[in-house]
Amino acid sequence: MIKFDEKNRIFYLETNNTSYIFGLLKDKHPVHIYWGSKIAEISSFEDAVPVDVRAFCTVDEKNQIPEETLTMEFAALGTDVRTPSFHAFYEDGTGLSKLSYKSYKIFNGKPALKGLPAIYTESDSEAQTLELELADDLKGLSIFVCYSVLPQYDVITKSVRVKNNGNEKIKLSRVMSSTVDFRSEDFDFIHLAGAWATERHISREAVMTGIQMIDSKRGSSSHHHNPFFALASKGADEENGNVYGFSLMYSGNFVAGTEKTYYDITRAFIGINPFNFGWNLNPGDEFQSPEAVLVYSDRGIGKMSRLFHKVARERICRGKYRDEMRPVLINNWEATYFEFTESDIISIAKKAKEAGVELMVLDDGWFGKRDGGNSSLGDWVPYKEKLPDGIEGLAGKIENMGMKFGLWFEPEMISPDSDLYRAHPDWCLHVKGRERTLGRNQLILDFTREDVREYIKNAVCSILSTAPVSYVKWDFNRNMSEVGSALLDEEHQCEVYHRYVLGVYEVMEHILKNHPDVLFEGCSGGGGRFDLGWLYYMPQIWTSDDSDAIERLEIQEGTSMVYPACTMGAHVSAVPNHQVGRNTPLNTRGLVAMSGQFGYELDLAKLSDEEFEEVKEQIKLYKEIRETVQHGEMYRLKSPQKDNCAAWEYVKDDDVVLFYHNILARANSPYERVKLCGLDENAKYKDLETGKIYGGDYLSKFGIYKTHGSEFTSEIIRFKKIQ
Ligand code: DGJ
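Please read these numbers as outputs of a predicted model, since none were measured by experiment.

A. Local environment of the overall build of the protein chain. The number of helices and strands found in the protein chain is 13 helices and 38 strands. Relative to a compact globule of 723 residues, whose C-alpha radius of gyration would be 27 Å, the protein chain shows 26 Å and is just as compact. For the protein chain, the spread of C-alpha atoms along the three principal axes comes to 85 × 70 × 45 Å. Here the protein chain, with 723 residues, has 63% of them falling under the buried criterion. In the protein chain, 69% of the contacts between residues at least 6 apart in sequence involve partners at least 24 apart. Of the roughly 26,200 Å² of accessible surface on the protein chain, 48% is carried by carbon and sulfur atoms. Side-chain charges of the protein chain comprise 84 positive and 109 negative groups, with the mean position of each set lying 2 Å from the other.

Encoded structure:
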């Protein structure tokens, strides 16, 4: 898995199908050599690591090492003048560090990261870890670059721990979780861009000479960019080409990007956003960076996604719902918004139960005096006028109907019009003397404070302990502004963004420990906090507030770059759609939502009898296919971005589910040929509807024809391997 060639000073990190190799130049500089399909060994260090002193490159006199022309494994701002992995300020006012190799440790297993989410293992035999120590002796600084390999997952994780062994204070301003320098590669940069209700659309641009980057400065990973990017060889598509994927397990401000130099080295970096970040490291203190997850695919973007999906499903999501099928739910939000009574919720649930729905989720508006978006956040006590028997009473009634009950919270927020704010006006993030800017009429609780965290732990846990609540939707409906804390002195204000994220993770860890069987669904005005870090606490996330089936095609396609179907909340809503006003057939809405965690977001009693029967059929169908969709391998066969249709296939064991969605109707349009993937080419497959038998080779190589039928129509084709 991980070996060190002592003689040649080369580290080999191996997964089942990949190698990641770097060496120690002059036993001092860790230099990246190779990452890609497996190679057994480097024949000569000198051939693999060209050392090239160019005009204007600074070199240390003794070793003649021009860092700027090397592929550095980890670079501090110093003699390397590119975008660094590391930058810190010292008491003498300088911001220069000089790192040299110090020591290494290789061991079985993969340690947890203090206070942060990380890929876990179920036994030490699943992973091996290398801790590479780099040091700046003048400043007493040690940097541990930690690599773990998970061979069966073809995944490498990287994180960085910084230790101040010196006598002076250090202020960290940039600690990238991963930096990889590629030499002589021509890449495209793929990332996910969007905004509220239009999250994670795939974007692909050529890597340019110079710096190219995406980030979030909003306090959460954000609707606008996702903490993920891929570097794809020119022409790489779903099934072909080299693709390197990087994803940060972190739910706060991040940065990710590339710097390509004239010497044709592309540095790829990902980590906490250095913007407004300054972390104080007193003598003896340590700082732990979040974990970056790295995957390499030799067979296109699709394989990169499947590698991310598998590890997210099996070694990031936790709890009983990692393996158990998640319930079909109904949520009252788009059915009632804030206007509901207990009997409205019960009648929505009754009808839903009749249709086969398993979980009734009560959304916003059940607490304090909340009749709109402008009050009561923080007052997590039932609104007695709406719910005379409280949550306990309502949840009990739903349970007695044979359904599970779920509840919405927005625990990180506080309304200025709330008892909590009146009692604790300094409990929100704010900066003394500055206006407290509202977002959706609310402020953000200061999760850097222990008293705030304790209050929220108790508020949420006391409801979960007294009422039979099986599911929580955890919402977060604004971006951060005036990011300061009343309890921190001026030296520590630039730590607030990161301390906040650590605080939220601590609260979640506590709640999960006390209520391990509750299913959590993350949400942030839809998908404003959809990242691998949040999935460690919540195995599913509401993908977008845009529930229009056609808009969802691009959103769900983009989301599937990194995140598997079992993590994507997807609901059937009413028409005309509340976000875009479009009318789409119920069948289309159902089949698009079935590519995720399936549910409904409307009052089923308002449907015609015919439509209600269709809903019953949809739920029956989803229950039959959910194992394949939720836990299967996904193949994106046609893309809504370029093909005027979407074809998504899920394969698990002998079952194959293919969704085909038409977007715009076109007169006299040509046929689309859809070639299936992931099949056993020597086996036969039966179309479960027509009974026709096809060869796996035929379906993969020839495929099936589809026409651009009517606008916004969808179909499902199911195959079963029969021999
Ligand atoms: C935003 C969420 O994305 C919606 O689904 C809903 O829960 C509202 N918040 C409630 O305020």
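B. Local environment of unusual backbone geometry. Going from valine 575 to proline 576, the amide bond is cis rather than trans, its omega being -10°. With respect to the helices, strands and loops of the structure, proline 576 is situated in the loop between strand 29 (568-573) and helix 11 (586-593). With a phi angle near 50°, aspartate 154 is a residue other than glycine that sits in the positive phi range. Within the secondary structure layout, aspartate 154 lies in the loop between strand 8 (141-150) and strand 9 (155-164). Assessed through its relative accessible area of 7%, aspartate 154 is described here as buried. Non-glycine residue aspartate 653 carries a positive phi angle of around 50°. For aspartate 653, a relative accessible area of 64% translates into the label exposed.

C. How the structure looks around the site of the ligand. Taken together, 13 residues lie around the ligand, and Asp363, Asp364, Lys473, Asp475 and Asp545 are the ones closest in. Between lysine 473 and the ligand, the recorded distance is 2.7 Å, taken from a side-chain N or O atom to an oxygen atom. Aspartate 475 is positioned such that a nitrogen or oxygen atom in its side chain is 2.7 Å from a nitrogen atom of the ligand. The residue makeup of the shell around the ligand, split by class, is 4 nonpolar, 3 polar and 6 charged.

D. Structural context of the sheet that holds strand 30 (residues 597-601). Pairing in this closed barrel of 8 strands is parallel, and the strands run 21-22-23-26-27-28-29-30 around the ring. Each strand of the sheet is rotated relative to its neighbour by a mean of 30°, with strand direction disregarded. Alignment of strand 28 (residues 540-542) against strand 29, held across 2 bridges, turns out to be parallel. Within strand 29, the position partnered with tryptophan 542 by the bridge is glycine 569. Along the sheet, helix 10 (residues 549-559) makes contact with strand 28 and strand 29, crossing strand 29 at roughly 170°.

E. Layout of the packing of helix 11 against helix 12 (residues 609-631). Contact geometry for helix 11 and helix 12: axes closest at 11 Å, N-to-C directions at 20°. On the basis of the axis angle, helix 11 is roughly parallel to helix 12. Between helix 11 and helix 12 lies a crossing whose hand is right-handed. Contacts between helix 11 and helix 12 involve Leu586, Asn587, Gly590 and Leu591 from the first element and Glu611, Glu614, Val615, Gln618 and Leu621 from the second. A breakdown of the residues in the contact of helix 11 with helix 12 according to their chemical character gives 4 nonpolar, 3 polar and 2 charged.

F. Inspection of the sheet that holds strand 4 (residues 29-37) at higher detail. Here we have 4 strands laid out as an open sheet, ordered 1-2-3-4, and antiparallel in their pairing. Sheet topology places strand 1 (2-5) and strand 4 at the edges, where each strand pairs with a single neighbour. For this sheet, the mean inter-axis angle between neighbouring strands, taken without regard to orientation, is 15°. Note that strand 3 (residues 18-25) and strand 4 share 8 bridges and pair antiparallel. Following the sheet pairing, serine 19 is matched in strand 4 by glycine 36.

Cut-off values and rules
- Residues numbered from 1 in each chain as written.
- Predicted model: local features only at pLDDT ≥ 70, side-chain atom pairs only at ≥ 80, totals over all residues.
- Heavy atoms only, no water.
- Helix = DSSP H or I, 4+ residues; strand = E, 2+ residues; numbered from the N terminus.
- Rg over C-alpha atoms; globule rule 2.2 N^0.38 Å.
- Buried < 20%, exposed > 50% of the residue type's maximum accessible area, 1.4 Å probe, protein only.
- Contact = heavy atoms within 4.5 Å.
- Areas by Shrake-Rupley, 256 points an atom, 1.4 Å probe, with all protein chains shown as cover.
- Lys, Arg positive; Asp, Glu negative; His and termini not counted.
- Charge placed at Lys NZ, Arg CZ, Asp CG, Glu CD.
- Near = heavy atom within 4 Å.
- Polar contact = N/O pair within 3.5 Å; in protein donor to acceptor, adjacent residues only side chain to side chain.
- Nonpolar A, V, L, I, M, F, W, Y, C, P; charged D, E, K, R; others polar.
- Pairing = 2+ DSSP bridges.
- Axes fitted to C-alpha atoms, helices over the stretch in contact; angles between N-to-C directions.
- Parallel < 35°, antiparallel > 145°, perpendicular 65-115°, else oblique.
- Left-handed = near helix turned anticlockwise from the far one by under 90°.

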